[in-house]
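So you can see what is in the structure, the chains are spelled out below.
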Amino acid sequence: MTVCPEVPGNAAAGIEGLVIRKNVIRRAGWFCAAPWSASAGALSITAGAKPPDMRAAGIFGDLVIEDNVFEECQGPNIVLSSTDGALIRNNRFLRPMNSESDGTGASYAIPADALIWVSECSGVTIKGSDIVEPGSFLKRNIAPGTNVVDLKQP
């Protein structure tokens, strides 16, 4: 699942109040390698500029990602950039990263071994999520990228 304005890095863009709730996302990340793409997560909310840069915080605002189930997803499960204000809460990650990531997002330096990656964000809160039977390719639960301000995590 991808939310991206898909406009040039200097064009106006803005999405506010997006709520992603009570979804089941199964076996994402198994399509084909796309190192040039910022859509590296099972759920990707990104605004890429010219690789390796993401656009600054403020493209997205006041997001809520809660009560979702991510099941057997390869690579990062949540990729978030360019956001001012987000709540990631009470999600379940079932058997994540049981196989090696295909390298999607490499041009943006999105780590293949992180469950959640945030970059160019401010005011992100991550809490109350369960990780059940993580695979051997999961090395970090949360990996901040560049320019992350006020990240609250467990």
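For the structure given in this document, a descriptive report is provided here. Remember, predicted model here, so these are calculated numbers, not experimental data.

Rules of the game
Residues numbered from 1 in each chain as written. Predicted model: local features only at pLDDT ≥ 70, side-chain atom pairs only at ≥ 80, totals over all residues. Heavy atoms only, no water. Helix = DSSP H or I, 4+ residues; strand = E, 2+ residues; numbered from the N terminus. Rg over C-alpha atoms; globule rule 2.2 N^0.38 Å. Areas by Shrake-Rupley, 256 points an atom, 1.4 Å probe, with all protein chains shown as cover. Lys, Arg positive; Asp, Glu negative; His and termini not counted. Charge placed at Lys NZ, Arg CZ, Asp CG, Glu CD. Buried < 20%, exposed > 50% of the residue type's maximum accessible area, 1.4 Å probe, protein only. Pairing = 2+ DSSP bridges. Salt bridge = Lys/Arg side-chain N within 4 Å of Asp/Glu carboxyl O. Axes fitted to C-alpha atoms, helices over the stretch in contact; angles between N-to-C directions. Contact = heavy atoms within 4.5 Å.

1. Concerning the overall build of the protein chain
Here is step 1 of the chain: Scanning the protein chain from terminus to terminus reveals zero helices and 15 strands.
Here is step 2 of the chain: Against the globule reference of 15 Å for 154 residues, the protein chain gives a C-alpha radius of gyration of 14 Å, in line with a compact fold.
Here is step 3 of the chain: Dimensions of the protein chain, computed from C-alpha atoms along their principal axes, come out at roughly 40 × 30 × 25 Å.
Here is step 4 of the chain: Of the accessible surface of the protein chain, which amounts to about 7,300 Å², a share of 50% is contributed by carbon and sulfur atoms.
Here is step 5 of the chain: Distance from the positive charge centre (13 side chains) to the negative charge centre (16 side chains) of the protein chain: 4 Å.

2. Quick look at the pairing of strand β11 (residues 114–119)
Here is step 1 of the chain: Most of β11 is tucked away, with six of its six residues classed as buried.
Here is step 2 of the chain: Where strand β8 (residues 78–81) and β11 come together, four bridges link them in parallel fashion. Considered in β11, the bridge of L80 is made with V118.
Here is step 3 of the chain: Two elements, β11 and strand β14 (residues 140–144), share four bridges in a ladder whose sense is parallel. Considered in β14, the bridge of A114 is made with R140.

3. Describing the pattern of salt bridges
Here is step 1 of the chain: On inspection of all chains with the given rule, the structure shows nine salt bridges.
Here is step 2 of the chain: Salt-bridge contacts for R92 lead to D130; the nearest nitrogen and oxygen are separated by 4.0 Å. A residue pair is termed long-range when its members are at least 10 positions apart, and R92 in strand β10 (residues 92–94) and D130 in strand β13 (residues 130–132) qualify at 38 residues.
Here is step 3 of the chain: Accessibility expressed as a relative area gives 37% for R92, which makes it partly exposed.

4. Examining the sheet that holds β10
Here is step 1 of the chain: The four strands are arranged β4-β7-β10-β13 in an open sheet whose pairing can be described as parallel. Each having just a single partner strand, β4 (24–26) and β13 make up the two edges of the open sheet. The average angle at which neighbouring strand axes cross in this sheet is 10°, direction not considered.
Here is step 2 of the chain: As judged from the three bridges shared by β10 and β13, these two strands associate in the parallel manner.

5. Here we look at the side chain of S82
Here is step 1 of the chain: Here S82 shows up in the loop between β8 and β9 (83–89).
Here is step 2 of the chain: If we ignore the near neighbours within four places in the chain, the residues touching S82 are A47, M54, R55, A56, A57, G58, I59, F60, S119, E120 and C121.

6. Details of the environment of C32
Here is step 1 of the chain: Looking at the secondary structure, you find C32 in the loop between β4 and β5 (43–45).
Here is step 2 of the chain: Along the backbone, C32 and T104 are 72 residues apart, and their C-alpha atoms lie at a distance of 8.1 Å.
Here is step 3 of the chain: Beyond its immediate sequence surroundings of up to four residues, C32 is in contact with D102 and T104.

Structural measurements only, silent on function.
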